[in-house]
Amino acid sequence: MVSWKGIYFILTLFWGSFFGSIFMLSPFLPLMFVNPSWYRWINNRLVATWLTLPVALLETMFGVKVIITGDAFVPGERSVIIMNHRTRMDWMFLWNCLMRYSYLRLEKICLKASLKGVPGFAQSHLKPNDTGILQQDCCC
């Protein structure tokens, strides 16, 4: 049986990203040529604002509760989070954690090289502040 909540979740994310990119990000495109650092600063905050939508939907619609254990984030200190993806969507749960610490705008993602060939995946999941795609997969 198809879950109506799941369909609503997917459609809300799709239309939110579609209209968000048109009405939130595109007005600042000329700024990319005038002052790239301002464009990046504004764009990082707009994307972080959009990333609160999936977090809010996960928590309100599906009742997801994220329990954060381990070492806490130290303000002003750089952190590396290495995720061994058990599912294809676990990075969405990382957003829940980062939102609690107000670090959504600072997130940077490196994708495996095997994901580079998936049409639309690499382009849609790399935000403007992400570091890119790893050159080769590691066998370790």
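The rules behind the values
Residues numbered from 1 in each chain as written. Predicted model: local features only at pLDDT ≥ 70, side-chain atom pairs only at ≥ 80, totals over all residues. Heavy atoms only, no water. Helix = DSSP H or I, 4+ residues; strand = E, 2+ residues; numbered from the N terminus. Expected span 1.5 Å × (residues − 1). Bend = angle between axes of the 7 residues up to and from the residue. Buried < 20%, exposed > 50% of the residue type's maximum accessible area, 1.4 Å probe, protein only. Contact = heavy atoms within 4.5 Å. Polar contact = N/O pair within 3.5 Å; in protein donor to acceptor, adjacent residues only side chain to side chain. Axes fitted to C-alpha atoms, helices over the stretch in contact; angles between N-to-C directions. Parallel < 35°, antiparallel > 145°, perpendicular 65-115°, else oblique. Left-handed = near helix turned anticlockwise from the far one by under 90°. Nonpolar A, V, L, I, M, F, W, Y, C, P; charged D, E, K, R; others polar. Phe/Tyr/Trp six-rings, centres within 6.5 Å; stacked < 30°, edge-to-face > 60°.

**Student:** Explain helix H1 (residues 4–25) to me, please; I cannot follow it from the model alone.
**Tutor:** Think of an α-helix as 3.6 residues a turn; residues three or four steps apart then line up on the same face. Taking 1.5 Å per residue, 22 residues should reach 32 Å; H1 reaches 30 Å between its end C-alpha atoms and fits that length. Along H1, the largest kink reaches about 25 degrees and is centred on Phe19. Within the span of H1, buried status applies to Gly6, Phe9, Thr12, Leu13 and Gly20. Turning to H1, the residues buried within the fold contact helix H3 (36–61) and helix H4 (90–100).

**Student:** What is the right way to read the side chain of Asn96 from this model?
**Tutor:** Note on placement: Asn96 falls in helix H4. Of the residues examined, Asn96 reaches a relative accessible area of 0% and is grouped as buried. Polar side-chain contacts of Asn96 include one of 3.4 Å to the side chain of Glu59. Setting aside chain neighbours within four positions, we find Asn96 in contact with Val55, Leu58, Glu59, Val64 and Val66.

**Student:** Honestly, the packing of H1 against H3 in this entry has me stumped. Any pointers?
**Tutor:** Axis angle and axis distance: for two packed helices, these are the angle between their axes and the distance between the axes, and together they describe the pair. The contact between H1 and H3 brings their axes to 11 Å, and the two run at 165 degrees. One element, H1, and the other, H3, form an angle in the roughly antiparallel class. When you trace H1 past H3, the crossing you get is right-handed. Across the interface between the two elements, Lys5, Tyr8, Phe9, Thr12, Leu13, Gly16, Ser17, Met24 and Leu25 from H1 touch Asn43, Leu46, Val47, Trp50, Leu53, Pro54, Leu57, Leu58 and Met61 from H3. Taken together, the residues of the contact of H1 with H3 sort by class into 13 nonpolar, 4 polar and 1 charged.

**Student:** Looking at this structure, I do not really get the packing of aromatic side chains. What am I missing?
**Tutor:** The geometry of an aromatic ring pair comes down to the distance between the two centres and the angle between the two planes. Under the defined criterion, the tally for this structure stands at 7 aromatic pairs. Between the aromatic rings of Phe9 and Phe62, the centroid separation amounts to 5.5 Å while the plane-to-plane angle is 80 degrees, which identifies the pairing as edge-to-face. Of this pair, Phe9 sits in helix H1 while Phe62 sits in the loop between H3 and H4; the two residues are 53 residues apart in sequence, bridging distant segments of the chain. What makes Phe9 buried here is its relative accessible area of 9%. Aromatic side chains Phe18 and Phe19 sit 5.1 Å apart centroid to centroid with 75 degrees between the ring planes, which places their arrangement in the edge-to-face category. For Phe18, a relative accessible area of 38% corresponds to the partly exposed category. Every member of this aromatic cluster is reached through a ring pair, and the members are Phe14, Trp15, Phe18, Phe19 and Phe23.

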